[in-house]
Protein chains: 2
Amino acid sequence: MNNTTAINDDERYMRMALDEAHRALEEDEVPIGAVVICKGTVVGRGHNLTEALSDVTAHAEMQAITAAAQTLGGKYLTDCTLYVTVEPCVMCAGAIGWSQLPRIVYGASDPKRGYSRLGGNPFHPKATVKAGVLADECSALMKEFFAGKR
Amino acid sequence: MNNTTAINDDERYMRMALDEAHRALEEDEVPIGAVVICKGTVVGRGHNLTEALSDVTAHAEMQAITAAAQTLGGKYLTDCTLYVTVEPCVMCAGAIGWSQLPRIVYGASDPKRGYSRLGGNPFHPKATVKAGVLADECSALMKEFFAGKR
């Protein structure tokens with residue numbers, strides 16, 4: 001009998017995004033991380049740096065998307081999947097749309113700040129979204145951060 | 001009799017945004033420009049650079065917001081007004097919301113890509129929006145660009 005747990009790719013890549021989120025936590029930033037995967041390879045990664053850079057646009061997804069475009073040498077990420085630990089905000093959802101990312105996988109939902117609080121689809125019309133991958137771990141990190149701020 | 005035309009501040013600042021849009025046009029970028037004004041002073045400016053930087057996030061507003069935060073030494077632009085030649089897209093509207101900009105003035109509407117195609121308010125709840133300032137000039141620049149691309 002083989003006891004090896006089959007860990008699917010989405011969980012594996014979400015763990016990489018969680019590693020980025022942990023880095024943010026260590027830097028006292030809102031702990032959100034993201035990676036962009038293209039054909040099994042990490043082409044972009046990032047974590048929230050809004051405090052360090054004093055820049056509201058320095059979200060994890062924005063940096064991962066910018067990094068992926070630099071790696072691939074083109075601004076459209078049509079063969080990629082974005083993994084992010086928390087539901088993207090409206091800004092990041094808009095950036096994801098512009099990048100033409102065809103697949104978005106996120107962990108924890110964010111009813112207050114997430115893109116889905118606005119109506120309509122900000123992504124490419126054919127893009128698919130998978131929510132809830134390692135959601136408990138992604139969410140726990142956020143709770144830990146905000147509990148420490150009280 | 002004083003023949004001096006009273007040009008209101010909104011038009012004056014929109015002309016600065018138009019200057020930025022003209023720079024974009026000269027660089028063969030989608031001609032959109034933005035400035036951030038704080039108490040009568042330009043604290044941030046930018047024009048679209050998505051082609052030059054190969055980065056979908058390099059919109060005029062994003063750069064103006066990032067520049068303003070650097071100038072002011074803080075990421076919240078609570079005493080500022082953003083002027084942009086075209087209605088902000090969803091991404092930029094989200095960034096404007098995060099920055100807590102209390103006033104947004106734009107020129108031409110963008111029914112296809114503008115934030116208002118999505119429902120809800122992406123801005124600070126108390127933010128005000130003024131549309132249509134020098135709209136014809138802002139729009140003419142866009143038409144000139146896209147006509148040249150056909």
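As the structure is a prediction and not an experimental result, all values here were calculated from the model.

Turning our eyes to something else, we now look at the nonpolar core. Formed by 58 residues in total, the largest nonpolar core has its most connected members in Leu82 and Met91 of chain A together with Leu82 and Met91 of chain B. Every residue in contact with Met91 of chain B, bar those within four places of it in the chain, is listed here: Met62, Val90, Met91, Gly94, Ala95 and Trp98 of chain A together with Val56, Thr57, His59 and Met62 of chain B.

Residues and elements named next belong to chain A. A sheet is described by the order of its strands in space; here five strands give the open sequence 2-1-3-4-5, paired in mixed fashion. Two strands in the sheet have a free side with no partner beyond their single neighbour: strand 2 (41-47) and strand 5 (128-131). Strand-to-strand twist across the sheet, computed as the mean angle between neighbouring axes with direction ignored, equals 15°. The strands touched by helix 3 (residues 60-72) are strand 1 (33-38), strand 2 and strand 3 (80-86); relative to strand 2, the strand with the most contacts, the crossing angle is about 145°.

Under the counting rule described, the total for this entry stands at six aromatic pairs over all chains. Ring geometry for Tyr115 of chain A versus Phe123 of chain A: centroids 4.8 Å apart, planes at 65°, classification edge-to-face.

Our next topic: the state of the cysteines. Here the structure, examined in full by the defined rule, presents zero disulfides over all chains. With no disulfide partner, Cys80 of chain B has as its closest neighbouring cysteine sulfur the one in Cys38 of chain B, 4.0 Å distant.

Here the focus is the relation of the copies chain B and chain A. The operation relating chain B to chain A is a screw motion whose rotation component is 180°, with 0.0 Å of axial translation and a residual RMSD of 0.0 Å. Read as a symmetry element, the transformation amounts to a two-fold axis. When C-alpha positions in chain B are compared against the rotation axis, the closest is assigned to Met91 of chain B, at 1.9 Å. The fraction of interface residues of chain B whose copies in chain A are also interface residues reaches 100%, indicating that both copies meet through the same surface.

All names here are of chain A. As annotated by UniProt and renumbered to match this structure, "active site" (unreviewed entry) occupies Glu61. Within the secondary structure, Glu61 sits in helix 3. A relative accessible area of 4% means that Glu61 is categorised as buried.

Thresholds, definitions, all that
Residues numbered from 1 in each chain as written. Chains lettered and ligands numbered in written order. Predicted model: local features only at pLDDT ≥ 70, side-chain atom pairs only at ≥ 80, totals over all residues. Heavy atoms only, no water. Core = buried A, V, L, I, M, F, W, Y, C linked by side-chain atoms within 4.5 Å. Buried < 20%, exposed > 50% of the residue type's maximum accessible area, 1.4 Å probe, protein only. Contact = heavy atoms within 4.5 Å. Pairing = 2+ DSSP bridges. Helix = DSSP H or I, 4+ residues; strand = E, 2+ residues; numbered from the N terminus. Axes fitted to C-alpha atoms, helices over the stretch in contact; angles between N-to-C directions. Phe/Tyr/Trp six-rings, centres within 6.5 Å; stacked < 30°, edge-to-face > 60°. Disulfide = S-S within 2.5 Å. Least-squares fit on C-alpha atoms with pLDDT ≥ 70 in both. UniProt positions renumbered as here; feature names shortened; annotations may be inferred.

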